[in-house]
Amino acid sequence: MTIALARMRLVALVRGGRILAPLIAGLVVLGIIHGGGQSPAASAYGYSAAMLFPVFAWLTKVVLDAEPDVQRRLARVAVGAARESAAGALAAVAAGLAFTVVAIAVPLVMGAIGPPKPGETSIVAGVGLGVLAHVLALGAGVALGSVACRAVTRTVRNGVVVLVTGSVLVVVLGLRGSIAPWSVPPVMAVSRALAEVPVPSPGAFLLLVGWAVVWCGAVLAGYAAVRRRRS
Amino acid sequence: MRFDRIWFRYARRAGWALTEVTATVDPGATVVVLGRNGAGKSTLLQLAAGVLEPVRGAVLDRPPVVGWVPERFPADQPFTTEQYLTAMAALRGLRGPRSRSEIDHWIERLGLGEHRHIRLGALSKGTAQKVGLAQALLVPPGLLVLDEPWEGLDSAARTLVPQIVAEVTGAGGAVLISDHRGEIASLPGAIRWSVQNGTVVTGVPAPEPVPEDVILELAVPRAEADQLMARLSAEGHRILRVREERA
């Protein structure tokens, strides 16, 4: 029933055309990143994932806010509070994964990925790291977008404030030499790791994944707790 | 189902909308919730349906299947009537032929046939309200919560509400229904609750005719019945019964 609700929301999102704004924004971002000539796969995807993070967060907010409030409550009565809030996050993840496929394919199709120089990772490994970076950015974006949705923030203004402030903080507190790097998801850290030649060890990536999982888990748990009370 | 010392407010700084509400709804009961506009009828119904969570206290023993018909159906959705009901049936775990037969049944029953492939946004208010009614009934509810269900319905459809209420209660379900227009007259055996000053008074006695009263029997055109009843209620008259002459 969670899946049925996620599907209903995605269908409404596509049919109602609300998916278009974040989709176009995402494509513009991809065009800017990859339009400037060739670069190695890992660093190109690293930039792409970091730049798409706010787009993923916005996409999540759009997915969660597309439905009228009363329809969201009707869904809550039909499937229960926990499944209703989970279905929103699930729909956002599905939409984000679909866009991740686009984000991985675009530079390959545009010919923006250059052949690896000595010491750089192969294109295949670079694509693999790129998928990982996008999935981590998507997780962080879904977490931020969830707590920025109308059901949580109640007003449009508060929602936009959470979305924008969150996105800015992720960048600012994610910079090298940040005072509190652990307070934000490792979006910038992953991007930096992918730009290094040679790329860091698997252990370093494992640490980044663990960091992202803990951060997203904590924020999504907060979302679930708030949504239990706010319909 | 029981409301156990429920307190509710919409925001931390807002005043309490309901204070210390304790009441029981038995299976098979029809409860009509009366009260002024803004008294908290809708809040009470939404707490019953599980749309709102009480700030303090709890709603206990809520039946597993709840149908909720909101006061205003959210028509701003990119679905046709049939697509919407199919999606809502899937949320209830109904699929395939069973889903189709339930949807066909309610589309037929509520007279939605010609609106089957019309987008929700293009439906009239009353027709959209019927879609709202249909989605709550796709699976027989153990609790049916109707928030001003007569709003926007034409006279022909209005008589459907008491029929549906009778079917749900006949199957052992409970019905909670808000009403500010005196339509309660068409619900025999209904229990009356009144919401006033944030509390709920259960067991409000039905207005009985007293010896000094005179009972009038009127025949009015369907189209004017709504308005007339509203006007008579507003003037303090008690409407005892509404019936239809069948040809």
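Cut-offs and rules
Residues numbered from 1 in each chain as written. Chains lettered and ligands numbered in written order. Predicted model: local features only at pLDDT ≥ 70, side-chain atom pairs only at ≥ 80, totals over all residues. Heavy atoms only, no water. Contact = heavy atoms within 4.5 Å. Buried area = accessible area lost by both parts, 1.4 Å probe. Salt bridge = Lys/Arg side-chain N within 4 Å of Asp/Glu carboxyl O. Polar contact = N/O pair within 3.5 Å; in protein donor to acceptor, adjacent residues only side chain to side chain. Helix = DSSP H or I, 4+ residues; strand = E, 2+ residues; numbered from the N terminus. Nonpolar A, V, L, I, M, F, W, Y, C, P; charged D, E, K, R; others polar. Pairing = 2+ DSSP bridges. Axes fitted to C-alpha atoms, helices over the stretch in contact; angles between N-to-C directions. Phe/Tyr/Trp six-rings, centres within 6.5 Å; stacked < 30°, edge-to-face > 60°. Buried < 20%, exposed > 50% of the residue type's maximum accessible area, 1.4 Å probe, protein only. Disulfide = S-S within 2.5 Å. Expected span 1.5 Å × (residues − 1).

The name that an unreviewed UniProt entry assigns to chain A is ABC-2 type transport system permease protein, with the source organism given as Winogradskya humida.

K.L.:
What is the right way to look at the interface of chain A and chain B in this model?
P.N.:
When the parts come together, some accessible area is lost, and that loss is often what is quoted as the size of the interface. Residue-level contacts link 24 residues of chain A with 30 residues of chain B. Summing both partners gives a buried area of about 2100 Å² for chain A against chain B, and 63% of it is carried by carbon and sulfur. Sorting the residues of chain A by area buried against chain B places A:Arg15, A:Leu74 and A:Val77 first, and these three jointly supply 28% of that buried surface. Inspection of the chain A/chain B interface yields 2 salt bridges. Note that B:Asp76 is salt-bridged to A:Arg18, the shortest N-O span being 3.8 Å. Linking chain A with chain B are 8 residue pairs in polar contact (both at pLDDT 80 or more), by the criterion used here. Going through the elements one at a time, helix 1 (2–15), helix 4 (69–79) and helix 10 (202–229) of chain A are the ones with two or more residues in the side of chain A that touches chain B. Classifying every residue of the side of chain A that touches chain B by side-chain character gives 13 nonpolar, 3 polar and 8 charged.

K.L.:
Is there a simple way to explain the sheet that holds strand 8 (residues 191–196) of chain B in this structure?
P.N.:
In a beta sheet, neighbouring strands pair by backbone hydrogen bonds and run either parallel or antiparallel. All names here are of chain B. What the 6 strands build is an open sheet, ordered 5-6-7-3-8-9; its pairing is mixed. Two strands lie at the open edges of the sheet, namely strand 5 (66–69) and strand 9 (199–202), each paired on one side alone. Strand after strand, the sheet turns through a mean of 15° between neighbouring axes, direction not considered. For strand 5 and strand 6 (residues 143–147), the ladder comprises 4 bridges, and the chain directions are parallel. Counterpart to tryptophan 68 in the pairing with strand 6 is valine 145. The strands touched by helix 1 (residues 41–49) are strand 3 (30–34), strand 5, strand 6, strand 7 (174–178), strand 8 and strand 9; relative to strand 6, the strand with the most contacts, the crossing angle is about 155°.

K.L.:
Would you explain the packing of aromatic side chains in this entry?
P.N.:
Two descriptors summarise a pair of aromatic rings, namely the distance from one centre to the other and the angle between the planes of the rings. All names here are of chain B. Enumeration over the complete set of coordinates arrives at 6 aromatic pairs over all chains. Look at phenylalanine 3 and tryptophan 193: their rings are 6.0 Å apart centre to centre, the planes differ by 70°, and that puts the pair in the edge-to-face class. With a gap of 190 residues between them, phenylalanine 3 in strand 1 (residues 2–8) and tryptophan 193 in strand 8 connect regions that are remote in the sequence. A single burial state applies to phenylalanine 3 and to tryptophan 193, both of which are buried. Between the aromatic rings of tryptophan 7 and tryptophan 16, the centroid separation amounts to 5.2 Å while the plane-to-plane angle is 75°, which identifies the pairing as edge-to-face.

K.L.:
Please explain the state of the cysteines as it appears in this structure.
P.N.:
Enumeration according to the criterion identifies 0 disulfides over all chains in this entry. A:Cys149 takes part in no disulfide bond, and the closest cysteine sulfur to it belongs to A:Cys216, at a distance of 16 Å.

K.L.:
Sorry if this is basic, but what is going on with helix 10 of chain A here?
P.N.:
Since one α-helical turn is 3.6 residues long, residues separated by three or four positions face the same way. A rise of 1.5 Å per residue sets the reference length of helix 10 of chain A, with its 28 residues, at 40 Å; its end C-alpha atoms lie 41 Å apart and thus fit the reference within 8%. Considering only its buried residues, helix 10 of chain A is in contact with helix 3 (41–65), helix 4, helix 5 (81–110), helix 6 (123–147), helix 7 (150–153) and helix 9 (187–195) of chain A.

K.L.:
Before we go on, may I ask you to explain the side chain of A:Ser231 in this structure?
P.N.:
As for its position among the elements, A:Ser231 is in the segment after helix 10. A:Ser231 gets classed as buried once you look at its relative accessible area, which sits at 8%. Polar side-chain contacts of A:Ser231 include one of 2.7 Å to the backbone oxygen of B:Val51. Beyond its immediate stretch of four places on either side in the chain, A:Ser231 contacts A:Arg72, A:Arg73, A:Arg76, B:Val51 and B:Leu52.

K.L.:
Please clarify how the environment of A:Gly96 should be interpreted in this entry.
P.N.:
Secondary-structure assignment places A:Gly96 in helix 5. A sequence separation of 73 residues divides A:Gly96 from A:Leu23, and the C-alpha atoms of the two residues are 9.9 Å apart.

K.L.:
Just checking my understanding: could you explain the environment of B:Ala156 for this structure?
P.N.:
All names here are of chain B. Among the structural elements, alanine 156 can be located in helix 5 (residues 155–158). Classification of alanine 156 by relative accessible area gives partly exposed; the value is 49%. Separated by 46 residues in sequence, alanine 156 and leucine 110 have C-alpha atoms that sit 9.9 Å apart.

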